[in-house]
Amino acid sequence: MKTSTLKKLIGTTVASLCFVSVSGLPAVAGQLHNGWNYGIDSFADGSGGESFNIRGIAVKETSNSIFVALTGGMPLTGVANSGAADKNIGWGDLFLNFTNKNFTTASTQKSLFGVRFAGTNDSQAGTTGLYGNVKGASVTNVNHGFGSLQQYYNAGFDKANTQGTDIATKAAAYNYFGTGTILNVIDSGANKLGGIQSLSAAALNSQGLDFGFFKEAKGTQTLGFSLNKSDLGLADGNYNYMASIFLECGNDGVALNGKVDVPEPGSFAGLALVGLTLLGGSRLYKRQS
């Protein structure tokens, strides 16, 4: 086999594999733009004003990492509020539900993943990071918040996309979260799986984030984090999930349906081995000729 032919064969194989790995990622719900999957929230459902208004969530996946971005009026460290037990109301924790069950069931079974990314919030997780075997807990009662999701909707927030474009109606929200207590932080007893890297708006924008593409979706505050995909402990394959988050007071929330692609370990190493085997066979053929 000529060296030029071998190079073409390996090049074609690598190109094909790269095409599958990049463009063959599973389609997801939400809205795709510039490598990010977006869930856009209603712009008028933050009870208490813009500080309590979430405008959107976005997730980007690379081969090794998952990036999460949030935008709205709530800063990472929260806002002062005399009605809260600690005089501050901020972000709850982010939940990732891979079970294909509703949130209430997955929480009861301690089958959620959770991310505490706001170090000043009322999470029961000890430090910021990614957690497994998660059950949700509610801190709305100590944050001058709503007693239930039904109470929130009945207060005048039965709007389209109140939980984002992937849970777009009240009926869909009740079906996924239930009508009762808003579970918005990680309960005690979860297992820490790994750390996270907090990211500024500038760092997220450098990764291609663009909430402004969706007109009014970009809020005064944009923040986020990244985590190592391997810390999830998922075997190779494609995994559906629902990501969701509420503020500590329950005054707004947003959700996003997506998928994670975990390639089989050693795929590229195996390809390289095939290439070397072919190359060795070519050299042996030449010596015998």
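None of the values given here were measured: they were computed from a predicted structure. (Residues numbered from 1 in each chain as written. Predicted model: local features only at pLDDT ≥ 70, side-chain atom pairs only at ≥ 80, totals over all residues. Heavy atoms only, no water.)

What follows deals with the overall build of the protein chain. Assigned secondary structure in the protein chain consists of 6 helices and 16 strands. By residue count, 46% of the 289 residues in the protein chain fall in the buried class. The long-range share in the protein chain, meaning contacts at least 24 apart out of those at least 6 apart in sequence, stands at 70%. Summed over its atoms, the accessible surface of the protein chain is roughly 13,300 Å², and 54% of this surface lies on carbon and sulfur atoms. (Helix = DSSP H or I, 4+ residues; strand = E, 2+ residues; numbered from the N terminus. Buried < 20%, exposed > 50% of the residue type's maximum accessible area, 1.4 Å probe, protein only. Contact = heavy atoms within 4.5 Å. Areas by Shrake-Rupley, 256 points an atom, 1.4 Å probe, with all protein chains shown as cover.)

If you trace the 6 strands from one edge of the open sheet to the other, you get β12-β9-β8-β7-β15-β16, paired in antiparallel fashion. Looking at strand neighbours, the two that pair on one side only are β12 (191-194) and β16 (253-262), the edges of this open sheet. Sheet twist, expressed as the average angle between the axes of neighbouring strands with direction ignored, equals 30°. (Pairing = 2+ DSSP bridges. Axes fitted to C-alpha atoms, helices over the stretch in contact; angles between N-to-C directions.)

A few words on the sheet that holds strand β2 (residues 36-40). The strand order across the open sheet formed by 6 strands is β1-β2-β3-β4-β14-β13, and the pairing between neighbours is antiparallel. Of all the strands in the sheet, just β1 (31-33) and β13 (196-199) have a single pairing partner and so form its edges. With direction set aside, neighbouring strand axes in the sheet form an average angle of 25°. Relative to strand β4 (residues 65-72), strand β3 (residues 54-61) is paired through 7 bridges, and the arrangement is antiparallel. Note on β4: the bridge partner recorded for E61 is I66.

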